[in-house]
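# A closer look at the structure
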There are 2 protein chains.
Amino acid sequence: MPSENDLNQLKEQLLHPDPSFIKEQLEYIHPVDILSVLHEFPNEAESILNQLPDETIALLMDFEEDEDKYELLMHFSARRQKTILEEMSSDEITGLVHNLDEKEKQDLLEKMNQEDREEVSALLQYHDKSAGSLMATEFISIRENKTILKTLEYLHTAVEDAEMVYYLYVIDRQDHLKGVVSLRDIVASDFDTRIAQITNPHVVSVHVDDDQEAVANVFAKYDYLMLPVVNDENVICGVITVDDVIDIIQEETTEDIHRLAGLDEEEKVDGSLKDSIRSRLPWLTVNLVTAVLAAAVVALFSGTIEQVVALAAINPIIAGMGGNAGTQSLTLIVRGIALGELSGKNALRVFLKEFGVGIFCGLSLGAIVALGCLWIYGNPMLGIVAGFAMLTNLIIATVSGFSVPLILEKFSIDPALASSIFVTTATDVLGFFVFLGLATLMLPYLI
Amino acid sequence: MPSENDLNQLKEQLLHPDPSFIKEQLEYIHPVDILSVLHEFPNEAESILNQLPDETIALLMDFEEDEDKYELLMHFSARRQKTILEEMSSDEITGLVHNLDEKEKQDLLEKMNQEDREEVSALLQYHDKSAGSLMATEFISIRENKTILKTLEYLHTAVEDAEMVYYLYVIDRQDHLKGVVSLRDIVASDFDTRIAQITNPHVVSVHVDDDQEAVANVFAKYDYLMLPVVNDENVICGVITVDDVIDIIQEETTEDIHRLAGLDEEEKVDGSLKDSIRSRLPWLTVNLVTAVLAAAVVALFSGTIEQVVALAAINPIIAGMGGNAGTQSLTLIVRGIALGELSGKNALRVFLKEFGVGIFCGLSLGAIVALGCLWIYGNPMLGIVAGFAMLTNLIIATVSGFSVPLILEKFSIDPALASSIFVTTATDVLGFFVFLGLATLMLPYLI
């Protein structure tokens, strides 16, 4: 990646470009590096942008973050906006429009030519984060009776607008997807070979309504560079490329990591104080409610605690360990669901394993706690009560850590978002209840 | 992705293949799907494998998980192992050998032809998880004086062994990397154009010693499909492709998510009970130690609790909310470090924001808790003590959630691995101490 020095040099080249630079070198400078210069030197951004040709601006738009695309576009006159929009690829325009309010959206759609407007309006119909909303409509399709030489000649012009040229999709007269040919096979074949001879009929595709996480998993599994997106009639509607998938994977994992910890998925590490508080306070407040619930259970047994004050010290150990074990289970399950590794087929086996983990870890930790209580307080019954409560709570932890994410998934609630609140409520409330309840039953032996 | 029905059908085709199937259809079936059949029907795996040609086996080896490659290879006679190894790409052989013990490794190296052996031995010298250890040496290089037509003719044979053919690297006589040409530009140019005319001299490369996470970030930033890997002399040594990068990103994020929850990074959702216990019990045991530490603080104040038993109920609320707020902060920081979003430049600003979050959330939640205590127990001083303890503990939570990951990072300890234990110890121990200590000081007003 370019150093600060490189960026400075690039800034000078962009600020005072001679015609030969624009004509010969500009196309080889990566748009991401130009964007870095613009963000690093905001005062010069305006002057630099005015020097750049429309195609370059369109590329910058493609690589700019979705939420910053509009601001970039607004640097230009309405007339230039039109030509820039014409050069942009359909998926990037859709990404841009998705972030706008209704007025800005209409304003932008009016600036497009009719073909683009219809295309983008169609793309906007797809559900957010579906394959349809991510796809680009610029792909290369071909009929199977062409020869390689004819195909190569056709590509001379066809590659101009295509999102990615490395796979060509073979279609029939009704645009049904019949197969795929890789550019690799095309260049490896003799010029008089026909496309039909090198067509792979086993083409893997995704459906326009598929969720982006499922799309990412197909890419990760099969190592494709691009996938065709089809509708119910197997008509090819667009393509999704691997570079978008990397962004999706990073976005989805950040979302999962944040949600598991009770953070809004949009919170940025260097965001504003206001955004951070808005991201965290609701979650903390929900947690406060469950903590009060747990405290109510403790209060229920205050008579017992008054007589055996040691219970107040051991109590958080039981609940806390349950919380830790529950977090382990639910994290494994949530990640397993996200990676598509948990299915109806192996669910029972995974459940039994989690149950086993609860029993084994519960017995081990229960034994340690029991012996510790015996050693410190010299009361064997206190040890038995604490050890048994630990065992019970670890089973509650692993079983709820397994089931809560799956139940939420069934109800189409993101398991990363809400699992931990239910699991820790279970381990807190039930952990306190089992421990203090047992202690109350055994009170005569504890005093 | 294929349904169970598809897999069953594919199994039958593979088990009883007619010659035309092997000759015409097999190449179009994705190796990943064949691997699914082998894993789904282990009893038939042997018979299926014996029917498949060496090139297909080599492809299966390329797509099999690194840790299972060796077992797959051992299905075959020593003679077939040799031919399979010859067909495999160098990065996959390196991945295979990395997982073997010394004896298996030597055994395998002896089975290779001399060229492969030298190549793999050289690749094994690179540090694990470096660009050098990930790269494949099968790339296409070209001199800049060739015409497009000559290049296309050359590609007819050259693509056979190449890892990915979509970029060609332009080199001089000493193999120095001079530029890159995309296959897209080649097919878009007239046949008599020379390579020099379409060469991009601004080629982005990674160094053999670069860490895999840094390599992944370059891919994510620039959207490349493949990057050349160079040594100190700018000689091209190999290439890394985007599909490997998706695996790296998924591996690194699973590692972070698991470690944040106290799971071993290798634990699989449908792994064995033994592996799960080995993954989780050590972490739970460490947590038990810190829980006991926290309990000791509570025990220290048992005299106070005996007199005001309400403290035993409020206590876990203070500590638990601190734990939740601390987890939020540390998760945000750990993810920010992983994505390279936290630097020396913005650290102070982020610290002040976290501090602010602690104060604001502490005041809000503290006020709620104070009013709750007043309402339930009718004791204003109890409310003040609980509210103040909540405020203090939330500041402790956000400040330690910010600092612990950064300190661990400074000492080259993975912040995802160890942050939460330090942060929750801080919020538990200090939370209990502040609350019960304050209560003890104010005891006369609480009874």
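This text gives an overview of the structure that appears in the document. Predicted model only: the values in this text are computed from it and were never measured. Sequence positions are assigned chain by chain, starting from 1 and proceeding in written order. Chain A is the first chain written and ligand 1 is the first ligand written, with later ones labelled in order. Only residues with pLDDT of 70 or above have their local features reported here, since the model is predicted, and side-chain atom pairs are shown and tallied only from 80 upward, although totals for entire chains, interfaces and linings are computed over all residues.

### Some remarks on the overall build of chain A
This is how it is decided: Numbering of helices and strands runs from the N terminus, with a helix taken as a DSSP run of H or I at least four residues long and a strand as a DSSP run of E at least two residues long. We compute the radius of gyration from the C-alpha atoms alone; for a globule the expected value is 2.2 Å times N to the 0.38, where N is the number of residues. Three exposure classes are used. Buried residues have 20 or more other C-beta atoms within 10 Å of their own C-beta, exposed residues have 12 or fewer, and partly exposed residues fall in between, all C-beta atoms being placed from the backbone. Each residue gets a C-beta atom placed from its backbone, and two residues are in contact if those atoms lie within 7 Å.
Broken down by element type, chain A carries 23 helices and six strands. Taken over C-alpha atoms, the radius of gyration comes to 30 Å for chain A, far larger than the 22 Å a tight globule of 447 residues would show. Considering only C-alpha atoms, chain A reaches an extent of 95 × 55 × 40 Å along its principal axes. Here chain A holds 447 residues, and the buried ones make up 45% of them. Considering only intrachain contacts with a sequence separation of at least 6, the fraction spanning at least 24 residues in chain A is 69%.

### Some points on the interface of chain B and chain A
Put simply, the test is: Only Asp, Glu, Lys and Arg are considered charged in this grouping, and only Ala, Val, Leu, Ile, Met, Phe, Trp, Tyr, Cys and Pro are considered nonpolar; every other residue, Gly among them, is considered polar.
At the junction of the two partners, chain B supplies 90 residues and chain A supplies 90 residues. Elements represented by at least two residues in the side of chain B that touches chain A include exactly α12 (148–158), α13 (183–188), α14 (212–222), α15 (242–260), α16 (273–300), α17 (302–307), α18 (310–338) and α19 (347–377) of chain B. With 17 residues, α18 of chain B is the single largest residue contributor to the side of chain B that touches chain A. Residues that form the side of chain B that touches chain A fall into these classes: 56 nonpolar, 21 polar and 13 charged.

### As for the relation of the copies chain B and chain A
As a reminder of what qualifies: Least squares is used to superpose the copies, and the fit set is the C-alpha atoms of residues whose pLDDT is at least 70 in both copies.
Once chain B is rotated about the relating axis by 179° and shifted along it by 0.2 Å, it coincides with chain A to within an RMSD of 1.1 Å. In the structure described here, the two chain copies are related by an operation that fits a two-fold rotation axis. Minimal C-alpha separation from the rotation axis in chain B is found for glutamate 306 of chain B, amounting to 1.8 Å. Comparing contact sets, 100% of the residues at the interface of chain B also lie at the interface in chain A, consistent with an isologous, same-surface contact.

### Examining the sheet that holds strand β4 (residues 206–207) of chain B
Residues and elements named next belong to chain B. The line we're drawing: A pair of strands is considered paired only if DSSP assigns at least 2 bridges between the two.
Taking strand neighbours across the sheet as the criterion, the three strands line up as β4-β5-β6 in an open arrangement whose pairing is mixed. If you trace the sheet from one side to the other, it starts and ends with β4 and β6 (236–241), each paired once. Bridge analysis of strand β5 (residues 226–230) against β6 gives five bridges, and the strand direction is antiparallel. Note that in β6 the partner of valine 230 across the bridge is isoleucine 236.

### Examining the pairing of strand β3 (residues 177–182) of chain B
The pairing of strand β2 (residues 167–171) of chain B with β3 of chain B spans five bridges and is classified as antiparallel. Pairing of tyrosine 169 of chain B across the sheet is with valine 180 of chain B, part of β3 of chain B.

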